[in-house]
Amino acid sequence: MIWLRRRLRLDGLDDDRGMALAIAVVFGTVIVFMVASAVAVATSGIRKSVTDADWNSALSAAYAGVQDYEARLSNDTGYTQYGNPAAPFSASSAALLTLPAGGAANKAFGTGADGDWATVQGGDGRAQYRYEVDSSKYYSSGIVRIRSTGKVGSAVRSVVASVRQQGFVDFLYFTDYEIQDPVMTGASATDCVKYAWQGRPVAAYGSNLCGEIAFGGNDTIDGPAHSNDTMRICDATFTGQVTTSNPRATGLRYSRLNSYGGSCTGQQFAPGVTQPGFTSTIDMPATNAAQKSATRSDQGVGRQAGCLYTGPTNIVFNANGTMTVKSPYTSFTETAGDGATSGSNTNGCGLPGTANGQLGSAAGATVAVPDNNLIYVQNVPSATSDKNSVPESRLRTACNTENGVGYPAQNENVVSASPCSYGSRSGDAFVKGVLQGKVTVAAENYIYVTGDVTYADSSSDVLGLSATNAIQVWNPMNSSACGWQGSQRCYTSLLQNNGREIDAAMISAAHTVQVQNSNYGGSRGTLKIVGAIAQKFRGVVNTGGNGYVKNYVYDARLKHTAPPKFLNPVTTTYGITSIGEVSPAYVVSGVCARVNGNCV
């Protein structure tokens, strides 16, 4: 200030005007410094705000990647075979195929500094993502794991999600129509194979034109249930979520009617639930023929073909992880070509023939359960070019006679309404035992559950049972003359025990899951099913005190996994079973993040 005053005197400004100018200069300088500081602070805040926004947006971009992959799976169920084998997360999926260039390419499969990133749609172009696929457990559990990484500016974040196909195993109980199978009852398919609200014939009390079946008799359904039709519910208990595709907007979406058309009470739902909720129709495939392709040696990349058996086949699971198979009409356990014009055999499925230890011998062949795979039992092919065709001279043409694997049983009178039970040309699977492993048994015709089917380890073993026609809980009868001068027939069950347990996910694509001869032989105790049931038509379990009382328990593991190569709905959707954030897989340059020198 002294120096400034001297300069002002030299300039002849040693008066109040000079002092005012000096003060103005000083305060102006101070204000300039204050403004500069404020701008610096504001700029710093903006930079922090942008950084925070980028950090949050990067996570959203990672989620967008998961959604993109989920959508691609829903549009193409075979998309699980594609990915980038060079991506670190995909190291265990050695069989992944790289998508071709051009329109089919997917930028999200990029990896490394030179790899692409996909851009989040609808944004400003800054948000990007890439994902890596681990499908190593898809054929065993139905689950694909995906690690998706989002990038916005300098922020990079990653999530890992498990994606599973949604299907029939999401329900303990699933039906398309709440009527008995017209093939079994002789009812008019034209009149009856429609949903209740579409004008199915109404039965008078004491009659039931279409064979509608009610839940009642203290039935317990301990898990999620769905019917595309209107359910009849009486004195039954539903402990889980119950849904229907009945479109009724008001009033009850279920019927308080018993199987004879009479009104009833005693319905119990989960706490807070008064009736089934609404959800859209889930369409069933017409057959399980798609599963047969899993037994072809020329299809599938990097995976072992399943076991193909021809004609009636008896399967007994042993608790040590083996199964004993008797299948006398099988010539080749694997085929190739669309017409099965070539075939091969593997010791893993048992060798055809009648020598000791072979599939056609009296004791059958004992082999390891084809773990994480499928067994398919086909009808005897009619085309002579098929490698598993059988000369007519070896086949028994009559129905309900010895089929080569021990059915009908000794003293069994075939009284079931099933057409051609135990036919020697039929692809029937007869199943029982204690399973150790993960496998699906599929039959082109019937599956007969001939005894208890349980797990050696209920935490790891998984069984699927899939039939185009009915799945029958075997309940053989012997009949004899009774009544006044033998004018009537009386039926006695040939089974020596009461009660039956079936641990499995079961589906009948075109028919039903039911108890054989459910209206004969008196009470059989309780039918306990731990797993899931899906069927086109409602199966009868108990008739007038004959048959079994239901105790159905949902296997909660089926929410997160499924039996190998299980049958899926016509319209396929995928759902996320779990998702969580993990350490970033990449840095902003695209190079993989490293821990101890290794890519994470």
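Since this is a predicted model, take the numbers as computed values, not measurements.

Thresholds applied
- Residues numbered from 1 in each chain as written.
- Predicted model: local features only at pLDDT ≥ 70, side-chain atom pairs only at ≥ 80, totals over all residues.
- Heavy atoms only, no water.
- Helix = DSSP H or I, 4+ residues; strand = E, 2+ residues; numbered from the N terminus.
- Contact = heavy atoms within 4.5 Å.
- 1 Å grid on protein atoms, 1.4 Å probe; cavity = no way out; pocket = protein on both sides within 12 Å on 5 of 7 lines; lining within 4 Å.
- Points joined across faces, edges and corners; volume = space filled by probe spheres on them.
- Nonpolar A, V, L, I, M, F, W, Y, C, P; charged D, E, K, R; others polar.
- Disulfide = S-S within 2.5 Å.
- Buried < 20%, exposed > 50% of the residue type's maximum accessible area, 1.4 Å probe, protein only.
- Phe/Tyr/Trp six-rings, centres within 6.5 Å; stacked < 30°, edge-to-face > 60°.
- Lys NZ or Arg CZ within 6 Å of the ring centre and 35° of its normal.
- Pairing = 2+ DSSP bridges.
- Polar contact = N/O pair within 3.5 Å; in protein donor to acceptor, adjacent residues only side chain to side chain.

Peer 1: Explain the environment of G404 residue by residue, including any values.
Peer 2: With respect to the helices, strands and loops of the structure, G404 is situated in the loop between β19 (373-378) and β20 (429-435). Placed 92 residues apart in sequence, G404 and P312 show a C-alpha to C-alpha distance of 7.1 Å. Beyond its immediate sequence surroundings of up to four residues, G404 is in contact with K326, P328 and R396.

Peer 1: Any details on empty space enclosed by the protein? Residues and values, ideally.
Peer 2: Scanning all chains against the criterion turns up one cavity of 30 Å³ or more. Considering only enclosed or pocket space, the largest cavity measures out at about 90 Å³ in volume. Residue lining of the largest cavity: 15 residues in total, with V513, I533, G539, V541 and Y552 positioned closest to the centre. Within the residue set of the lining of the largest cavity, elements represented by two or more residues are β27 (500-515), β28 (523-537) and β30 (546-554). Ranked by the residues each element gives to the lining of the largest cavity, the list is headed by β28, at four residues.

Peer 1: For the layout of surface pockets, give the residues involved together with the corresponding values.
Peer 2: In this model, the second largest pocket occupies a volume close to 850 Å³. In terms of lining residues, the second largest pocket is bounded by 39 residues, among which Q180, S518, V540, N542 and T543 are the most central. Residue assignment for the lining of the second largest pocket shows that the elements contributing at least two residues are α4 (182-185), β27, β29 (542-543) and β30. Sort the elements by how many residues they give to the lining of the second largest pocket and β30 lands first, with three residues. The residue makeup of the lining of the second largest pocket, split by class, is 14 nonpolar, 19 polar and six charged.

Peer 1: Tell me about the environment of M506, and name the residues and values.
Peer 2: In this fold, M506 is placed in strand β27. Those residues in contact with M506, other than ones at most four positions away along the chain, are L465, I471, V513, I529, A532, I533, A534 and F566.

Peer 1: Residues and numbers for the state of the cysteines, please.
Peer 2: All chains considered together, the criterion is met by five disulfides. Paired by a disulfide, C234 and C264 hold their sulfur atoms 2.0 Å apart. Taking the sign of the S-S torsion, -80 degrees for the link of C234 and C264, the bridge is left-handed. Highlighted residues: C234 in the loop between β9 (232-233) and β10 (237-238) and C264 in the loop between β11 (242-244) and β12 (277-278), separated in sequence by 30 residues. When sorted by exposure, C234 lands in the same class as C264, which is buried.

Peer 1: Let's hear about the packing of aromatic side chains: which residues, and what values?
Peer 2: Under the definition given, this model contains 24 aromatic pairs. Between the aromatic rings of Y177 and F537, the centroid separation amounts to 5.7 Å while the plane-to-plane angle is 25 degrees, which identifies the pairing as stacked. Highlighted residues: Y177 in strand β5 (residues 173-177) and F537 in strand β28, separated in sequence by 360 residues. Just as Y177 is buried, F537 falls in that class too. Residues Y422 and Y448 carry aromatic rings whose centres are separated by 5.3 Å and whose planes lie at 35 degrees to one another, so their mutual orientation is tilted. Of this pair, Y422 sits in the loop between β19 and β20 while Y448 sits in strand β22 (residues 447-455); the two residues are 26 residues apart in sequence, bridging distant segments of the chain. An aromatic cluster of three or more residues is present, and its members are Y69, Y79, Y82, F109, Y129 and Y131. The ring of F215 carries the charged tip of R538 above its face, separated from the ring centre by 3.8 Å.

Peer 1: Any details on the pairing of β19? Residues and values, ideally.
Peer 2: With six of its six residues buried, β19 lies for the most part within the structure. The sheet contact formed by strand β13 (residues 307-310) and β19 spans four bridges and is parallel. When the sheet's bridge partners are listed, L308 is paired in β19 with Y376. Here β19 pairs with strand β21 (residues 438-443) via five bridges, running parallel. Each bridged residue has a counterpart across the sheet, and for Y376 the counterpart in β21 is A442.

Peer 1: Give a description of the side chain of R200 that names residues and reports values.
Peer 2: Along the chain, the position of R200 falls in the loop between α5 (189-192) and β6 (214-215). Judged by its relative accessible area of 6%, R200 is buried. Looking at R200, its side chain comes within polar contact range of the main-chain oxygen of K194, at 2.7 Å. Polar side-chain contacts of R200 include one of 3.3 Å to the side chain of E212. Those residues in contact with R200 that sit more than four places away from it in its chain are I179, D191, C192, K194, Y195, C210, E212 and D229.

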